Every structure is written in structure tokens, then in C-alpha cells.
Amino acid sequence: MSIPLHHVNVLTGLKGCRVIEDPQALGKIIKKAERPLVVFGPRCLDIAMGEKLAVQYGVEIAKALGAAICATAHTKKKLLELGVVPDSAYDAVEIINHLKDPNWKGVKKQGNHDVVMFLGMRTDFGNQGLSTLKHYAPHLKTVTLCPYVYPHASFSLANLKADKWKEYLEILINSLN
Amino acid sequence: MSKGQSKQEEINKTIRAEDNWEPIGPTSMPEMSDLRRWDMRLLKTYKPFYAPFCDLCCFCTYGKCDLTGDNKGACGINISGQQGRWALMFALMGCSAHGAHARHLIDYLIEKHGENHKIDLGGQVAVEAPHIRTVMGLKPETLGDLKKAIEYVEKGIIHGVSATHFGQEGNELDFESKSLHIGMLDHVAMEAADIAQTIGFKFPTSVAETPLAALGWGAVDKSKPVVTCVGHNAAVATVMIDYFMKAGTYDQVEVTGICCTAIDNTRYSDKTKIIGPLSKQLFFLKTGIADLIITDEQCVRCDIPDLARASGSALIATSDKISYGLDDVTHKEIDEIVRMITQEGKQVLIRDVDKAGEVAAKVLPIVAKGRKKEIVTKEKATELADACKKCMLCDRVCPNLLDISGAVSEVKEGKFEKMADLFAKCIGCGKCEQECAKGVPIITIMQAAASWDTFNIRVGRGPIHDVEIRKVGAPIVLGTIPGIIAIVGCSNYPEEIEEIAEIAEEFAKRKYIVVLSGCAAMAAGMKKDAEGKTIYDKFKPDFDAGGVLNVGSCVANAHITGAAMKVANIFAKLPLRANYEVIADYILNRVGAVGLAWGAYSQKAFSIGTGCNRLGIPVVLGPHSAKYRRLYLSRKEEDDWTVMDGRKRELINTEEPSPEHLSIVVESKERAIITMAKLCIRKNDTAQGRQLKLNHYISLYKQHMGSLPDDLQNFVRNDKDIPIVYKKEVVEYLKSVGWHPKPLLTLPTLIGTYESNIPIDAVVK
Ligand code: SF4
Ligand code: SF4
Ligand code: SF4
């Protein structure tokens, strides 16, 4: 089992994430989604990855997939500045609370989502939210796009150094386009 | 078991039923399930949201049991039941900590002053104990009556603990109902504790403008003998201060404290100094500035004997809750104990308040003699950081996910900016240092990066005055004071400690009433503006629009919730006596109060928050609190927002999610501010009040989110609610989302929306 970067997130249980080392393999998984959703957390506003911010990588992934966007915390402002109008601006626990309900209408009112990707949350907070979904939302798959092992996600990246993460996301985006 | 005649007679005796200060309501001294129907009504809208921290249960020898998904444990419990059980256990731990604290204080003060010592909170506070009045039906008059309150809490705790045992409760909603009950009892315990110490130690009361006290580790004059009290119980410090005063040596020593004992010390003597909140405990104790450490109870590090030894500080433990394996010398003569400490270098446990206080006063000048107290210089820090290999192991164990390795490597190069930033965000756990295989003393290095500035804090003032409630009652209920913002709790902050001052100031400037307590009250004082002023210098200390006040330590939190109860009583004339459901319903629907526990970590904070929730007060928590694993959330579009219009006696679907949640975690300061502004909205707001609340909500949302709120349509009932400044764009927006006017209410209440013994008449005054 992969140990998360931050030990606060060590799994106390048996059902942990599958770490997807190959970005193209992750691309295949998320491409299959019928109603994907990308959830943005505030940390992606501060992480610079070369010329771009992490949030911009997330937007590219969402665009490539035609995924709905949920802006949590105060990420909506930056997304608007980037010319992206999020489909919803729930806070993280609110969107997670909705996702638990298989009959929820989803942020686009077209039905609940089947694959939910998370980018830019505090890892401890994010892992807690993923725990809720692991236990209470068996109808959906969760994917984390941050460079950390998230044991409660369905699919997670490995613990990656900044340059490897950038490379991973770039290959992932290419594989989606 | 339901109450039989003899039990009712016993209750009547306890609450002196024959006293007719108010009619006795339906629930005097309620037992664990007596308010269950109210809880279930709340939980219908604000459903428990669980985020399990552990998938396994290991409570009994059938386990470990994996509770993932649909799995049940060997006892039959499922993951939700288990989370509910955790919630109840947290609430019980928190309530017990306050209850035992109150018990210590009350027993000590009864020894000192007798059971008949009168409760007198001064000319401004006639409704002395809204919680005890409302929950128990007792109007406490003496210390002996406060003892009755604690006995009642103690009885409640035993049933609560029992329910957590194997093969007892299994349903999550029933666990939550019990947690809510225990949370309610916690406020009774806190109220009893704070009233007892206020009358027993003559803390300020009935005064709004209490003095300012010095705050910050930089405020300590280390050339003097320094004693540092750590914990929550100021009893020993009061005796020690008296001794110094009597001996005429008080100005030759520094009495300091960390956490709530420090706050209460300043209420006893404003010459005492507050080092800072819990998060600075390890940092300060490692400096060795304290010649003597006195520990009492709650939030005290478990390794203080080691820390004291390493820093060369003497140690006296004073609580049976934290005995550290030390020799109990309570039975020995004072001179003998002084000798043991000063000559043998012994760390001791003294379980007698008076003796501990006198010993402390006697040993302080002796143990301080000749001690060198030097703060680590930048040169020294650079040297200490030299061993760092940037392995990043420290980063991995940091519970605040901080970039420690980055900061240490910069120090290696003689740069301190990152380290200063790290210190501002550090919650003081010491795990980084422990993990470092190279032995880099990270916390010690922080001494060279920390600011050694002096700040100030308003001395805790105790209860809100009845006359203040009379003045603000109407504006609060009508909504023209946009809300009461209570910033409370511990210092497990996600980011810089300064965020607390920033949040408080944002609301004070907007003319909310800002009330602080405990570590949050300290943190709020730890930021200065360009003119060197803290928030306590800038805002008036009144319970009024734009006021910023500190009620006191953790146990004084009961005065904040008590203020909301007093609004129902003093302004709305609802009787408090044994009338919990009516009062809670009033607060939920009509008093725009919201709590913020931005750095909550403790079980006490959980229990306080849960008590607020039963009383209808929503609480916003910082991201660490996701690890409490339970929230109370609604789903605004999906849930039923029907209330009874008490005057028309009609059920009305308001379609308005107010307050939207009872307990929510948010991730950033910006979101916290927006959420708090929104959670102040109440169904009872007049059009003028709603305009004002929406004005703040919209302006804050625009500032931090860059647009109009996307749920604005939920809170505009008709045109009159729309703030004038935003009229045009709001009207356009409402049109675009197909908004329609909502029914108007004359008196919103949940009574009548669920099965209850309370007649609707009870809420109409
Ligand atoms: S209490 Fe129940 S779930 Fe927990 S270990 Fe025992 S049998 Fe298993
Ligand atoms: S654990 Fe020690 S050696 Fe490793 S990065 Fe942290 S301070 Fe440096
Ligand atoms: S002491 Fe501070 S920096 Fe070190 S691990 Fe704890 S929170 Fe992180």
C-alpha cells in the first residue's frame, strides 16, 4: 500500500486507493466518464507550475473532458478571472454532501456525476471528504489530481515531485485531447 | 425510564419549584432523551454528515472490525453508527473536562466561602445564569446551587458514557441526539464554572471596559523571576498572586500564563501576562524563560516534565487530571516541599490549591536565581540548522502540512523570512523536531525568526449585561444589527494566526457584534495595524454594533450562548425556566448568531459547538475540524424549509435555507467570512434587516468570489429585501434564474412542524 506524503492521511482500514502511475492510463479511466466533474480547492490558486498555475491545468482537464466545474472555497474568483464560469460554487463539504445522493441532479442538472476529480485541496481536508465518498457514494469514482497519495480516493497519483507532477498532468491532458 | 412522581418531587426540590420567579416550563432538568423530539427535528433538516477518520473499529475484543461500505461490526454497528458514537464520545470528553473543572472550582470555593456564598454578578447582570435557568429550571442563588448544577451534569454524563458501550446505542441519529444533549449540559457546566470563579475570585463583572492586559511572549520581562501557568484553572495562581501581594514582591516577579489559565489570571490581576494560545506552548516552554511552570488542567502538553527538565525550569503539577507520574507531596509540610524543589530539583504534584500557590510563590525567587535566559540569535540558529539534509521527513509528519524543510534550508543560508512564516502557521506540536534524524532543533530555531513584539488583549468581562441585551435585542431580532459573530476555540489554525484578527476586524467594521473567548481572544490581539494598534485598541468593548469584546476563558463561552438566550428572555419576554425547546426554537429562527471555531482541535470545542447547535446557533469550523468526522449540513435546494407561522398558525414553505447549516467546515478564511455572513440570515428578519444582511453577504461574496452569490435567490423574499446599492444587478440576476417572491411570515417557528408537547402559544408573545 502506498503511504501518503502527509502521514496524517495514513489509511486506517483495508480499502485504499489505486495509485495510477501512468498518466495515459488515468486518461483512459476518466475519459470513460459520462458526467465528469472537476472540483477545485483553494491550494491550486497558489501553486505555480512553470508559466501556469495548477488551477489552469485543472481547467484544461475539465475542458478536454467536457467536465462540469465546481469551485469550492474562494476559487470562483480566480476561475472567473481566467474566463471560466464554474457550473457551481458549493463549498467542498456541500458538494460532497450532494454527491452522496445517487439521485441528485448534478451541478448541470443532468444527473449525478459518475467520476469526480479533485484538485487543490489541503490533503488532510481532501482525504476526509474522499472518505465520505468512499463510504457513502459507492455509485461514483473519485480521482485526485494532486501530487500526493490520497488513500480514500478510488484513483490517486503517487507522491510526486513538482517537475514530475507537471509532466504527469501534461501527458494526461495530451491523452485527453 | 420516564419520570415517576418521586423523581419529579426530587427535581422540584432541587429547583425550588415553589419559587415563582417564572412559571415552570415543560422540561425541568431534562434527561438524555427528554428533548429527543427537538433533536430529531433539527436532524431532519441538518443531517449528520460523516467523514470517517478510521474505517475500522477497535473498541472491543471482537474487533478490529472493518466498517467500510455496507459492512457491519461483529456487534452489528455500521459506519454511521460508529461515527455517531465517536461524536458522542467527543462530546462527553469535552463536557466532562468542563464539568470536572467546574467541580474543582466549586468544591474549592465552597471550602473557602461556604455553600451559601451568594451569586452576585453586579448591577448590570440580573439574569445571572440563563443556561441553568433554562435547562434546569433553577435560578441559582449561591455556590451551593452551582454545585447542584454540576451534580445534574454529572448524572447526565454517566448515561451518555453508558450509551457508548458495546451493545448499547447503534443508531446514528440517536447518538447525535445524545451528543446534542451532552453539548447542552456542557454549557450548563461552563456557566457554573465561570459564575463560581467570578464570584469566588472577584473577577470583573458588570463592567464592559475592562482593562487591557499585556499579551505575547515578547511582553515577558525575563530579567525577573518568571512563573508560567499552563492550562485552564486559575485557582492556584490566585493564591500565589495574593502571596506575592502580601509579601510586597508582586512587582518583582512575572506571573504569566498560556491558554485559558492565562486569560483568567488577567481577570484576577491585570498585571499578569498572557504568553499566547496553546499553539505557542511548546515554543515558549522550550525557551526556558519560565523559571517555574505550574500545570493545572486541560490542553496541557503530556511531556511538560521532559520539557521542563530540558529547559531547566522547575515544575509543579496541581491537578489530579495531570499527575505525570510525579511524587504526590500534597501531605507534606510547605517548607519540606520547597526544599525538595529547590535543593533536590524535584518535580512534584500538589493537589491542594492553597498549598500549591504558596509553594509556588516561595520557590519562584529561589529557582530563578542565576538562571541564564538567552534567546537563540540568528547566528546560532544558522549554526543549528546546518545539520539539515533536506530529507523532508519533517514535512511529512507536520499536521499543518507546512514546508519545514524549505524554511530550515533557508535558515542554513542565514535567511529567516520562510521560518518567520512557518512560525506564524505552526501549531506547535513538535512532531517535526521529533522526526528529524539529524537532530535539527526546529522549534528552538523558531526563536530567532519569531516576532518578540508586545500586544494587548481586553481582560475577559464575563456575562453580557442585561441592559446591553435590552438595547440590542430588537435590532438583532429584526436584523438591523446584522449578526453576533462569536469567534471562539483553540489555535489549531490552518494558516497564519493573524487570520483571526482579520476575520474579527472584517465583521467589526461592518457593525456586527464580535465576541471572543479563550485562545481565539488571544489570537485576535496578536496583530497590529500600521499605527501599532490591535483590534482591542480600535473597537469599543460593548455588546453592541461594531463592538469587539472578550468574555473570558473557554468556560465563559456559556455567556455568549447565554446572551442569545437573554435576547429571548429580556427582549422577547419568553420565560427561560425549564423551557429549552422554546428558547432554542426562538434562537434558531430569530437570533442571527453564528460561531467560528477556526482552530478547533479539542473535544471541548466539539462539545461546545454541539451545545450551540442544539440551541439553534450554527458553527463554522476550520479545515482541521474535518477530523472531528461529523457535521450537520442541509441541502439547500432539496430540503424542506417549511415552518409554522406562529401567528397565523399555518405551515408555510418558506423555500429559504436559513440558517443553511448547523455545523460546517470550510477551507479558507475568505470562505469562512462569506459563510458566516450568510449564516446570520434568519427567517424573522424584517425587510430592512434582510437588506442589510444581504448587503454584507453580497459585498463579501463579490470581494472574495468575484460575482453575485449564486444562491441569492434563496434569500430574497420580495423586492423589499434587495439592498439598494445592488438593486439593478440583483433584479437582473433574479430574473435570469426565474426567481419568484416567497410567502411572508409573521412569526417563524418550528414548533408545530413536528410532534411536541409545546403548544404554539408558547412561542407567541
Ligand atoms: S464495538 Fe462492535 S464494531 Fe467495534 S470492535 Fe467491537 S464488535 Fe467490532
Ligand atoms: S527532517 Fe531534519 S534534516 Fe530532514 S529536512 Fe527536516 S530539518 Fe532537515
Ligand atoms: S511543530 Fe509546527 S512546524 Fe513542526 S510539525 Fe508541528 S505544526 Fe508543523
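Here the structure is shown first, and the text comes after it.
Before going further, it helps to spend a moment on the overall build of chain A. Summing up its helical and strand segments, chain A has 6 helices and 8 strands in all. Counting from the amino terminus, chain A carries its helices and strands in the arrangement β-α-β-β-β-α-β-α-α-β-α-β-β-α. On C-alpha atoms alone, chain A measures out to a radius of gyration of 15 Å, which is about the 16 Å that the 2.2 N^0.38 rule sets for 177 residues. Seen through its C-alpha atoms, chain A measures out along the principal axes to roughly 40 × 40 × 30 Å.

To continue, consider the nonpolar core. In terms of nonpolar packing, the biggest core is built from 305 residues, with Ile 61 and Ile 95 of chain A together with Phe 284, Ile 487, Phe 507 and Phe 543 of chain B touching the most fellow members. Here this core takes 15 residues from helix α3 (residues 79-113) of chain B, the largest share from any one element. Excluding its chain neighbours within four sequence positions, the residues that come into contact with Ile 487 of chain B are Ile 500, Ile 503, Ala 504, Val 514, Val 515, Leu 516, Ser 517, Ala 520 and Leu 596 of chain B. Met 240, Ile 294, Ile 334 and Ala 361 of chain B belong to the second-largest nonpolar core, a separate cluster that totals 29 residues.

With that settled, consider the sheet that holds strand β20 (residues 650-653) of chain B. Taken in spatial order, the 3 strands of this open sheet run β20-β19-β22 (chain B), and their pairing is antiparallel. Each edge of the sheet is formed by a strand with only one pairing partner; in this case those strands are β20 and β22 (748-749) of chain B.

Taken together, the contacts link 48 residues of chain A with 52 residues of chain B. Both sides together, the interface formed by chain A and chain B hides about 4,100 Å², and carbon and sulfur atoms give 52% of it. Considering only the side of chain A, the residues that lose the most area to chain B are Arg 122, Gln 128 and His 135 of chain A, jointly responsible for 16% of the buried surface there. Where chain A packs against chain B, one counts 7 salt bridges. Ionic pairing is found between Arg 635 of chain B and Asp 101 of chain A, a salt bridge with its closest N-O pair at 3.0 Å. One can count 30 residue pairs in polar contact (both at pLDDT 80 or more) joining chain A with chain B.

Thresholds applied
Sequence positions are assigned chain by chain, starting from 1 and proceeding in written order. Labels follow written order: the first chain is A, the first ligand is 1, and so on. It should be noted that, the model being predicted, local features are given only for residues of pLDDT at least 70 and side-chain atom pairs only at 80 or more, the latter also being counted only at that level, while totals for whole chains, interfaces and linings use all residues. Only hydrogens and water are set aside when side-chain values are computed; all heavy atoms of the structure are taken into account. Elements are defined by DSSP. Helices are runs of H or I of four residues or more, strands are runs of E of two residues or more, and each kind is numbered from the N terminus. Values of the radius of gyration come from C-alpha atoms, whereas the globule rule sets the reference at 2.2 Å times the count of residues to the power 0.38. Think of a nonpolar core as a cluster: buried Ala, Val, Leu, Ile, Met, Phe, Trp, Tyr and Cys residues, connected wherever their side-chain atoms sit within 4.5 Å. For the exposure calls, accessible area comes from a 1.4 Å probe over protein chains only, and a residue counts as buried if that area is under 20% of its type's maximum, exposed if over 50%, partly exposed in between. The contact definition used throughout considers only heavy atoms, calling two residues in contact when any of these lie within 4.5 Å. Any two strands are treated as partners once DSSP identifies two or more bridges connecting them. Buried surface area refers to the total accessible area, computed with a probe of radius 1.4 Å, that the two partners give up upon joining, counted for both partners together. Criterion for a salt bridge: a side-chain nitrogen of Lys or Arg within 4 Å of a carboxyl oxygen of Asp or Glu. Polar contacts, as counted here, are pairs of nitrogen or oxygen atoms within 3.5 Å of one another; within protein the pair requires one atom able to donate a hydrogen and one able to accept it, and residues that are adjacent in sequence qualify only if both atoms are side-chain atoms.

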